Amino acid sequence: MRTLSLLLGAGALIGFAGGCFITNTAHCGYHQNGADNPCPAGFVCNVCAADNNGCVPEGEADSIEPQCRDSGTIGTSTEPGTIGPTDGPSTVPTGTDTTETTTDSTTVGVTTMGPTSTTETTTETTTDTSTTEAPETTIETMCDPMNLNDPNCGEQYCVAAGQCGWCTSLPQDKTCADVDAATPACDEVSGKCVECTKDVAQLCTGNTPVCDEETHECAPCTEHSQCGTTACDIFDGSCFPDTEGSVFYVQGGKIDCQAKTGLTENDPFCKLTDVPLNAAKVTIRLIASTTPPGGLAVPENSVVAIVKHKATVPEINGQDILGTPVSLGLNSRLYLSGVKLRFGQGSLVKCAGGSLWAHDAIWEGNGINSARAIDASSCKVSVHRSKILRCGAAMQVANSDVRIENSFILENGAPTAQHPAFNFLTNAKAHITYSTIALNRVVNTVSTFNCVGNGQDIVLRNSAVVGVTKLTNCNDMDERLTFENGRFEEVPDGAMADSLMSQWFNAPVQDVYTPKDSDNVMDPLEDTAMWGEGDPRFDFTGLTPIPTEEPSFAGARQPL
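Residues numbered from 1 in each chain as written. Predicted model: local features only at pLDDT ≥ 70, side-chain atom pairs only at ≥ 80, totals over all residues. Heavy atoms only, no water.

Let us look at the overall build of the chain. For the chain, the count of helices and strands is 2 helices and 40 strands. Contacts in the chain between residues far apart in sequence, at least 24 positions, make up 52% of those at least 6 positions apart. Carbon and sulfur atoms form 49% of the exposed surface of the chain, whose accessible area is close to 25800 Å². (Helix = DSSP H or I, 4+ residues; strand = E, 2+ residues; numbered from the N terminus. Contact = heavy atoms within 4.5 Å. Areas by Shrake-Rupley, 256 points an atom, 1.4 Å probe, with all protein chains shown as cover.)

Judged by nonpolar contacts, the single largest core of 57 residues is most densely connected at Ile306, Trp363, Phe422 and Phe449. Of all hydrophobic cores here, the second largest spans 25 residues; its members include Leu439, Val466, Ala497 and Ile546. (Core = buried A, V, L, I, M, F, W, Y, C linked by side-chain atoms within 4.5 Å. Buried < 20%, exposed > 50% of the residue type's maximum accessible area, 1.4 Å probe, protein only.)

Turning our attention to unusual backbone geometry. Look at the link from Thr469 to Lys470: it is a cis peptide, with omega at 10°. Structurally, Lys470 is set in the loop between strand 38 (464–468) and strand 39 (481–484). We note that Asn427 has phi near 60°; this positive angle belongs to a residue other than glycine. Note on placement: Asn427 falls in the loop between strand 33 (422–424) and strand 34 (429–433). For Asn427, a relative accessible area of 33% puts it in the partly exposed group.

Where helix 2 (residues 494–504) is concerned, the buried positions are Ala497, Leu500, Met501 and Trp504. End-on view of helix 2: buried residues confined to an arc of 105°, all on one side of the axis. (Arc of directions from axis to C-beta.)

Read from one edge to the other, the open sheet built from 10 strands follows the order 16-17-19-22-25-28-31-34-37-39, with strand pairing classed as parallel. One side of each edge strand has no neighbouring strand; the edge strands of this open sheet are strand 16 (247–251) and strand 39. Strand after strand, the sheet turns through a mean of 10° between neighbouring axes, direction not considered. Here strand 28 (residues 380–384) runs beside strand 31 (residues 401–405); their pairing, made up of 5 bridges, is parallel. (Pairing = 2+ DSSP bridges. Axes fitted to C-alpha atoms, helices over the stretch in contact; angles between N-to-C directions.)

Our next topic: the environment of Glu217. Mapped onto the elements of the fold, Glu217 is located in strand 13 (residues 217–219). The class of Glu217 is partly exposed, set by a relative accessible area of 44%. In this structure, the C-alpha to C-alpha distance between Glu217 and Val194, residues 23 residues apart in sequence, is 7.0 Å.

Checked against the element boundaries, Ala421 lands in the loop between strand 32 (408–410) and strand 33. Along the chain, Ala421 and Val442 lie 21 residues apart, while their C-alpha atoms are 8.7 Å from each other. Sequence-distant contacts of Ala421, that is, excluding residues within four places in its chain, are made with Ala393, Ala394, Met395, Asn412, Asn440, Ser447 and Thr448.

Either a parallel or an antiparallel arrangement is found when strands of a sheet pair, and the pairing is made through backbone hydrogen bonds. Pairing within the open sheet is parallel, and its 8 strands lie in the order 20-23-26-29-32-35-38-40. Edge strands, defined here as strands with exactly one partner in the open sheet, are strand 20 (315–317) and strand 40 (487–491). Neighbour-to-neighbour, the strand axes of the sheet open up by a mean angle of 10°, direction not taken into account. For strand 20 and strand 23 (residues 340–342), the ladder comprises 3 bridges, and the chain directions are parallel. By the bridge assignment for strand 23, Glu315 is matched with Lys340.

With the rule as written, the count across this model stands at 19 salt bridges. The residue Asp535 makes a salt bridge to Arg461 at a minimum N-O spacing of 2.8 Å. Of this pair, Asp535 sits in the segment after helix 2 while Arg461 sits in strand 37 (residues 457–461); the two residues are 74 residues apart in sequence, bridging distant segments of the chain. The two residues Asp535 and Arg461 agree in class, both being buried. Linked through salt bridges whose partners overlap, the residues forming this network are Lys340, Glu364, Arg390, Glu411 and Asp511. (Salt bridge = Lys/Arg side-chain N within 4 Å of Asp/Glu carboxyl O.)

In this section: the state of the cysteines. For the structure shown, the criterion picks out 11 disulfides. Here Cys196 connects covalently by a disulfide to Cys211, the sulfurs 2.1 Å from one another. Taking the torsion about the S-S bond as the criterion, the Cys196 to Cys211 disulfide, at about 90°, is right-handed. With Cys196 in the loop between strand 11 (192–194) and strand 12 (210–212) and Cys211 in strand 12, this residue pair connects regions lying 15 residues apart in the sequence. As far as the burial class goes, Cys196 and Cys211 line up, both buried. Residue pairing for Cys227: its cysteine sulfur links by disulfide to Cys239, the two sulfurs lying 2.0 Å apart. Since a negative S-S torsion denotes a left-handed disulfide, the Cys227-Cys239 link at about -75° is left-handed. Taken together, the residues span a long stretch of sequence, with Cys227 in the loop between strand 13 and strand 14 (232–233) and Cys239 in strand 15 (residues 238–239) at a distance of 12 residues. (Disulfide = S-S within 2.5 Å.)

This paragraph deals with the packing of aromatic side chains. Evaluated as defined, the whole model comprises 9 aromatic pairs. For the pair Phe240 and Tyr335, a centre-to-centre distance of 6.0 Å together with 80° between the ring planes defines the contact as edge-to-face. Of this pair, Phe240 sits in the loop between strand 15 and strand 16 while Tyr335 sits in strand 22 (residues 333–337), and the two are 95 residues apart along the sequence. Take Phe240: its relative accessible area is 3%, and that puts it in the buried class. Judged by its relative accessible area of 0%, Tyr335 falls in the buried class. (Phe/Tyr/Trp six-rings, centres within 6.5 Å; stacked < 30°, edge-to-face > 60°.)

Glancing now at the confidence of the model for the chain. Here the chain averages 84 in pLDDT, while 81% of its residues score no lower than 70. Segment residues 1–23: pLDDT under 50, and 55 contacts once partners within four positions in sequence are set aside and those in other chains are kept. Scored below 50 in pLDDT, residues 71–134 shows 144 contacts in the model against residues more than four places distant or in partner chains. (pLDDT = per-residue confidence, 0-100.)

With respect to the helices and strands, the residue His419 is situated in the loop between strand 32 and strand 33. Among the polar contacts made by the side chain of His419, one reaches the side chain of Gln396 at a distance of 3.4 Å. When sequence neighbours within four positions are dropped, the list of residues in contact with His419 reads Arg372, Gly392, Ala393, Met395, Gln396 and Val443. (Polar contact = N/O pair within 3.5 Å; in protein donor to acceptor, adjacent residues only side chain to side chain.)

In this section: the pairing of strand 34. Residues in a regular strand project their side chains so that they alternate between the two faces of the sheet. Sheet topology note: the strand 31/strand 34 ladder contains 5 bridges and is parallel. Residue Arg403 lies in a different strand from strand 34, and its bridge partner there is His431. Examined bridge by bridge, strand 34 and strand 37 share 5 bridges and lie parallel to one another. Looking at strand 37, one finds that Ala430 is bridged to Ile458.

See the structure below:
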């Protein structure tokens, strides 16, 4: 071990009258031994730096002055008036692969059928740092083990008398909860005490029930899969309760229905209307069946989730229901996940003064029934990773806010339909992003976006749209529909629309169109979308990430 002297101006060496000096013995340069790096993973030692005990990010390693780098040779010291050792290159942290820095100069272009098209040249520098194990380095310094957060240890903890270390080195009778009750989990990769880790995600509760694996902080839920056998109340970020009276199972049937409790998958209710909606929040786990489970009217001020149970998609079929199969009352919230809805009178889902959230849902008609998929009045509607297919229309919206992302809106419009795929009435607001909207039939001279009344504000971005003339009338008088990025084409007839779809996409599989992605040519949807804050980070599958730093493909699906 050696003593490192730093300049007074760096704040690491303090001089007193009579030539007395106090050295920062927690500084990284004080503990180099040629084998271990006293800095945490992702950092290297700069013996001239005072902040963070001399530990600087690996990305700054090349900018460290030669005289400030250290080889870890035992006994190296500096003469009075110098700034530290001058021998040897900077070291690489234990358990960290060599940093590889690459610089790419690329031209980023976004093709858009909307108001603007921009091209810019950017230079991107990326640093690839791979950490494979926890930092093991401990530092000998003056610290009090009764104070795990002894400031002499910097970012480390006082794990023993005169010894600093990471949370992996805490005494056997101590945990991160003893360090700080707000960060009770030990992240073995960084060596830091954090709110949670993947292995101790149960520390997250309430309105932040999910552990973010990148930040190691508790966060609101955003997916029903994050909440076990219940559902995610996306409105407030909490998971539905799993207490008795809050979770029920339903499977359409006609046998022994009166005797069933609905409390287990082996004793499910026969109809959705059998479920008592007395609890503040109720999860209905719907099991597939050849017998329809009937419909459901969600009462005022109720919060209900209908989620798929097991792999097979369950179906709510309104063919034998007089009226709308699913409806929402004032101030109610309904979550649909992994459920298919078919047939109805007027609409399949009617929302009046409530909130509808749909994930991985399917609305499917037969091209003849004129019922629209969604009828929203003074309602908030969110549709994610879903399909609306061959219905009388996709939706009618009045005095409502609609958000659609990663979804397919295809082949809607029936001979007796009253309006085309989208009917935006007075004060309708809509934000549609990364969706594929195509092959919808012309109804009353418009094939896709129809506006009636005033006050509409519709934004369509990063989407792939193919529509027969006339695609929209929303901008006939003033601009109420804005196209941003993406690809939008209006063609004279259905045959041309089919031809264009075959140029843009591979053959569909279960009504999912995947864009063509050739090796040596620029494909029609390639680089036509540009991710922005608030856009989804994954495509229709929920598995393929959408590029956030470079152009992407327009539409609901990224290439295979």
